[in-house]
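Structural features, examined
Spelled out, the chains give:
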Amino acid sequence: MDRLRSVGETHFFRQPAQFDHLLHAVEQRLESHRYPVRIWSAGCANGAEIYSTVLTLSQRCSRRPIDRGRFAFTGSDFNADAIEQARRGRFTSWHMRGCAERMRDQYFQHLADGDWQLDRDILEKVDFFCHDLLDGSEIETQDFIFCRNVLIYLDPASMAQVVDRLYRWLAPDGVLYLGYAEAVLAGDHPGLELIDSSLAAYRRRTFELTTLPVPVLLPPIPLEPLRINPMRPQLAGRPEALAFLEEATQFANNNQPRQASQSLKKSLYLDPSLAVSHYQLGLLELGEQKVDQARRHWRNVITLARRQTPSEHVPGWENCTWEQLLQWTSKQLRRLGESDV
Ligand SMILES: C[S@@+](CC[C@H](N)C(=O)[O-])C[C@H]1O[C@@H](n2cnc3c(N)ncnc32)[C@H](O)[C@@H]1O
């Protein structure tokens, strides 16, 4: 289906409850010294939306200043004219209709023709760029994404694609704000959890990763998917590989994720069929939000486990059967949205 063109209707403090929520969530982040806070308006039209976030925080955040060291505000739109307007920061009275008089008088200059010019101090806090949510280009991870009244203009397939991208661009625990009419659209995404339906806000889910003894930590270099060579002798359980697995467990338990990851890779170099190492690397990758790599490792586990006798014990995890490992791994993959496991 062809993409429908959208209209750039917007105004300051549209859906005001979301700005109150943002303020509260940002205060919490600042309290725990999580800097910088990244806020992105995707489909920003003339910039009223992203400037509303800057004004909210500039006026109401208890931990000022709202400077570039601690905040990164970004606006993007696929319409170059909209981006040009946003950079200029000049608004009609119609765009200003949601802005309280006190705030308007503090941050805007009233021009002779009746328009309102936003102060340079505020303009300079935001970076704008042209970006089509439907093209494949990557975006830096964001803590808060506003993508409001954009999805409604997309056909269902594009909408699902954009929701999945927004999910991937969110930091762990990050929040996505949609238009009120769009709240139901993201409901099916397994990685997004509705915070409050009246708010049309979703939090990126953090996955439960503690099913098995090794904690979730840092990851590494991408691994190739497993290619099992049928001519290669069955090595699972080979002592050197198991020694690296044991070493990885110790590193992980000492909170040394990089080393744990290296040891797991060494174990797989010696024995690519060591399912436990794939399973654990999947956890480490997911802990780093490398969802595709986690999937790849867990699919390898599934491939390996299906070749084994279900009741037999898994080399490296003597208290776990292949059947159990298959169940755990399928559960992890289903959480990542895989339905065929
Ligand atoms: C109705 S406006 C909403 C503006 C603002 N988000 C708000 O809610 O007030 C929709 C904006 O989304 C932009 N847009 C539509 N499809 C887009 C896409 N695929 N990529 C980027 N921007 C898009 C349009 O150019 C337009 O400026």
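Scope of this entry: the structure provided in the associated data block.

Criteria and cut-off values
Residues numbered from 1 in each chain as written. Predicted model: local features only at pLDDT ≥ 70, side-chain atom pairs only at ≥ 80, totals over all residues. Heavy atoms only, no water. Salt bridge = Lys/Arg side-chain N within 4 Å of Asp/Glu carboxyl O. Helix = DSSP H or I, 4+ residues; strand = E, 2+ residues; numbered from the N terminus. Buried < 20%, exposed > 50% of the residue type's maximum accessible area, 1.4 Å probe, protein only. Pairing = 2+ DSSP bridges. Right-handed = clockwise from strand over helix to strand, strands pointing away. Contact = heavy atoms within 4.5 Å. Axes fitted to C-alpha atoms, helices over the stretch in contact; angles between N-to-C directions. Core = buried A, V, L, I, M, F, W, Y, C linked by side-chain atoms within 4.5 Å. Domains from an automatic or database assignment. Expected span 1.5 Å × (residues − 1). Phe/Tyr/Trp six-rings, centres within 6.5 Å; stacked < 30°, edge-to-face > 60°. Lys NZ or Arg CZ within 6 Å of the ring centre and 35° of its normal.

This next bit is on the pattern of salt bridges. Tallied over the full model, the rule gives 14 salt bridges. The salt bridge involving Arg 90 is made with Asp 115; its shortest N-O contact spans 3.2 Å. Separated by 25 residues along the polypeptide, Arg 90 in strand S3 (residues 90-91) and Asp 115 in the loop between strand S4 (108-110) and strand S5 (116-118) bring together distant segments of the chain. Among the charged side chains, a network of salt bridges with common partners joins Asp 164, Arg 168, Asp 292 and Arg 295.

The next point concerns the pairing of strand S1 (residues 37-42). For S1, a buried count of five out of six residues is recorded, marking the element as mostly surrounded by other parts of the structure. As judged from the six bridges shared by S1 and strand S2 (residues 71-77), these two strands associate in the parallel manner. Bridged to Trp 40 within S2 is Thr 74. Crossover handedness for the path S1 to helix H2 (residues 48-60) to S2: right-handed. Judged from the three bridges that link them, S1 and strand S7 (residues 142-147) form a sheet pairing that is parallel. When the sheet's bridge partners are listed, Trp 40 is paired in S7 with Ile 145.

Counting through the fold element by element, His 21 comes out in helix H1 (residues 16-31). When neighbours within four sequence positions are excluded, His 21 is seen to be in contact with Val 175, Tyr 177, Ile 195 and Leu 199.

Bringing the sheet that holds S2 into the picture now. The seven strands lie next to each other as S6-S2-S1-S7-S8-S10-S9, forming an open sheet whose pairing is mixed. Two strands bound the open sheet, and with one partner strand each, they are strand S6 (126-130) and strand S9 (192-196). With direction set aside, neighbouring strand axes in the sheet form an average angle of 20°. Bridging between S9 and strand S10 (residues 201-204) involves four bridges; their strand directions are antiparallel. Its bridge partner lying in S10, Glu 193 is registered against Arg 203. Strands S2 and S6 of the sheet are contacted by helix H3 (residues 80-88), whose axis makes an angle of about 165° with S6.

Ranked by internal contacts, the top residues of the largest apolar core, which has 49 residues, are Leu 133, Cys 147, Leu 166, Leu 176, Trp 298 and Leu 325. Both domains that furnish three or more residues to this core are identified here as domain 1 (16-204) and domain 2 (239-334). Beyond its immediate sequence surroundings of up to four residues, Leu 176 is in contact with Ile 145, Cys 147, Leu 166, Leu 170, Leu 192, Ala 200, Ala 201 and Tyr 202. Listed in part, the 41 residues of the second largest apolar core include Leu 30, Ile 50, Leu 57 and Met 96.

Our focus in this paragraph is the sheet that holds S5. Spatial strand order, S3-S5-S4: three strands in an open sheet with antiparallel pairing. Edge strands, defined here as strands with exactly one partner in the open sheet, are S3 and S4. The pairing of S4 with S5 spans three bridges and is antiparallel. Along S5, the bridge assignment pairs His 110 with Trp 116.

Another point: helix H11 (residues 322-335). The end-to-end C-alpha separation of H11 is 20 Å, in line with the 20 Å expected for 14 residues at 1.5 Å each. Listed in full, the buried residues belonging to H11 are Trp 322, Leu 325, Thr 329, Ser 330, Gln 332, Leu 333 and Arg 335. Looking one or two residues beyond H11, the residue adopting positive phi is Gly 337, at roughly 95°.

Our next topic: the packing of aromatic side chains. Inspection of every chain in the model, using the stated rule, returns twelve aromatic pairs. With a centroid separation of 5.6 Å and an interplanar angle of 5°, the aromatic rings of Phe 71 and Phe 73 are classed as stacked. Considered together, Phe 71 and Phe 73 belong to a single accessibility category, that of buried residues. For the pair Tyr 279 and Trp 298, a centre-to-centre distance of 6.0 Å together with 35° between the ring planes defines the contact as tilted. Here Tyr 279, found in helix H9 (residues 275-287), pairs with Trp 298, found in helix H10 (residues 291-306); they are 19 residues apart in sequence, far enough to count as distant. What makes Tyr 279 buried here is its relative accessible area of 0%. You can call Trp 298 buried: its relative accessible area is 0%. Taken together, Phe 12, Phe 13, Phe 19, Tyr 51, Phe 91, Phe 108, Phe 128, Phe 146 and Tyr 177 form an aromatic cluster joined through their ring pairs. If you follow Arg 97 out to its NZ or CZ, it ends over the ring of Trp 94, 3.7 Å from the centre. One cation-aromatic arrangement involves Arg 204 over Tyr 167; the distance from NZ or CZ to the ring centre is 4.2 Å.

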